[in-house]
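Spelled out, the chains give:
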Amino acid sequence: MAIGDSNDTELPLLSNGFLLKLTAFIGVLAVLTAAVTVAGKYYGDKLAMDGHTVSREMFHILVGQDVLALPANMIRFENQRHTGQAESVSVYLSWPELDGYTPQADQRFSDPNGSQDLIFVEFSQSVMSRDMSGRLEPIYSRLFRGEPEQRAAGLILHHLDPKSGFGNEVILTGMTSTGGLYVVRCLLPQAPAQATTADCQRDIHVGRDLTMLYRFSSRLLPQWEALDARLNAFAGEHIQN
């Protein structure tokens, strides 16, 4: 047809059907975007918590013959936060508060380099008749080599036989103000700044038949007596037999 012919018809660039499909696609895309945003926030917050919880829901956990009553924010691993029977329970606590995870203490719980004020505790059924203090004379003392060394806060350091299987660990002993024997095993750093979050460990018997193993930074050794007394009291408060 010639230009300007009255019968010339202009066709739309986009058909109605195509527009409907495009609109539907945009709608679906908007819904997916919203879903991704919500999911991203949820999982982002979950990852940021790194398994921690602020919940103080109380769980009653039977370990051997003992019942532990612990709030969720003190229980270290998510799969252990339930009421019922368990072989062991892992707990982490801020020091000196002896509280579980809180947003205010997030750095202590989440930053491995800033956690010298964090205590790791594990409750399990006792498998040995003697705790660490009770093993001093029959076991550890026979492995001592060299002269003992006087350390701060009334502790005495004992080196172990290199063939004993304890590697570079040492034993530190002390007497409490009430006359009790204190024994702890440590892998001491060459410099205090190199201390880890759990380079010392001690176990004691608590409850009817529980071993409470607790690990802490060697930077806290000057507070050994207060630490031991407070954790004994903590066990007494949370074992409900």
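Residues numbered from 1 in each chain as written. Predicted model: local features only at pLDDT ≥ 70, side-chain atom pairs only at ≥ 80, totals over all residues. Heavy atoms only, no water.

Asker: An account of the environment of F123 is needed here, citing residue identities and associated values.
Answerer: Relative to the helices and strands, F123 resides in strand β5 (residues 118–125). Residue F123 is classed as buried on the basis of its relative accessible area, which comes to 0%. Counting along the chain gives 91 residues from F123 to Y214, while the straight-line C-alpha distance between them is 8.8 Å. Those residues in contact with F123, other than ones at most four positions away along the chain, are V63, L68, E87, S88, V89, V91, V206, L210, T211, M212, F234 and A235. (Helix = DSSP H or I, 4+ residues; strand = E, 2+ residues; numbered from the N terminus. Buried < 20%, exposed > 50% of the residue type's maximum accessible area, 1.4 Å probe, protein only. Contact = heavy atoms within 4.5 Å.)

Asker: Just give me the short version of the sheet that holds strand β8 (residues 170–175), but keep the residues and values in it.
Answerer: The strand order β4-β5-β11-β10-β9-β8-β7-β6 describes an open sheet built from 8 strands, whose pairing is antiparallel. Whereas interior strands pair on both sides, the edge strands pair on one side only; in this sheet they are β4 (88–94) and β6 (144–150). Between one strand axis and the next, the sheet turns by 25° as a mean value, whatever way the strands run. Relative to strand β10 (residues 200–206), strand β9 (residues 181–186) runs antiparallel, the two being bridged by 2 bridges. By the bridge assignment, R185 is partnered in β10 with Q201. Each of β4, β5, β8, β9, β10 and β11 (210–216) is contacted by helix α3 (residues 224–238), which is oriented at about 140° to β11, the strand it contacts most. (Pairing = 2+ DSSP bridges. Axes fitted to C-alpha atoms, helices over the stretch in contact; angles between N-to-C directions.)

Asker: Could you give me a rundown of the nonpolar core, with the residues and numbers involved?
Answerer: Ranked by internal contacts, the top residues of the largest apolar core, which has 38 residues, are F123 and F216. When near neighbours in sequence (up to four residues on either side) are disregarded, F216 contacts L118, I119, Y182, V184, T197, A198, D199, C200, L221 and L227. In terms of nonpolar packing, the next biggest core, distinct from the first, is built from 7 residues, M132, L136, Y140 and L160 among them. (Core = buried A, V, L, I, M, F, W, Y, C linked by side-chain atoms within 4.5 Å.)

Asker: Can you lay out the sheet that holds strand β2 (residues 66–71) for me, pointing to particular residues and giving the numbers?
Answerer: For sheets, the rule is that strands pair by backbone hydrogen bonds, running either parallel or antiparallel. The strand order across the open sheet built from 3 strands is β2-β1-β3, with neighbouring strands paired in mixed fashion. The two strands at the open ends of the sheet, each matched to only one other strand, are β2 and β3 (84–85). Here strand β1 (residues 58–63) runs beside β2; their pairing, made up of 6 bridges, is antiparallel. By the bridge assignment for β2, V63 is matched with D66.

Asker: Pulling in residues and values, what's your account of the pairing of β5?
Answerer: Note on strand geometry: in a regular strand, side chains alternate between the two faces of the sheet. Bridge count for β4 against β5 is 7 bridges, and the pairing is antiparallel. Looking at β5, one finds that S88 is bridged to S124. Where β5 and β11 come together, 6 bridges link them in antiparallel fashion. By the bridge assignment, F120 is partnered in β11 with R215.

Asker: I'd love a proper account of the state of the cysteines, names of residues and values included.
Answerer: Following the criterion strictly, the structure yields 1 disulfide and no others. Here C186 engages in a disulfide with C200; their sulfurs sit 2.1 Å apart. Around the S-S axis, the bridge from C186 to C200 shows a dihedral of about 115° and counts as right-handed. Here C186, found in strand β9, pairs with C200, found in strand β10; they are 14 residues apart in sequence, far enough to count as distant. Of the two residues, C186 and C200, both sit in the buried class. (Disulfide = S-S within 2.5 Å.)

Asker: Go over a nonpolar patch on the surface with me, naming the residues and quoting the values.
Answerer: On the surface, a nonpolar cluster with roughly 300 Å² of combined accessible area is contributed by V127, M128 and I139. When you line up the elements, M128 lands in the loop between β5 and β6. A residue is classified by how much of its surface remains accessible, and M128, at 43% relative accessible area, is partly exposed. (Patch = residues over 30% accessible without salt bridge, like charges linked within 9 Å, V, L, I, M, F, W, Y side chains within 5 Å. Areas by Shrake-Rupley, 256 points an atom, 1.4 Å probe, with all protein chains shown as cover. Salt bridge = Lys/Arg side-chain N within 4 Å of Asp/Glu carboxyl O.)

Asker: Describe in detail the packing of aromatic side chains, supporting the description with residues and values.
Answerer: One pass over the full model with this rule turns up 5 aromatic pairs. Ring plane angle 65° and centroid distance 6.0 Å describe the contact between Y140 and F166, whose orientation is recorded as edge-to-face. Taken together, the residues span a long stretch of sequence, with Y140 in the loop between β5 and β6 and F166 in the loop between β7 (156–160) and β8 at a distance of 26 residues. On the accessibility criterion, Y140 (3% relative accessible area) is buried. (Phe/Tyr/Trp six-rings, centres within 6.5 Å; stacked < 30°, edge-to-face > 60°.)

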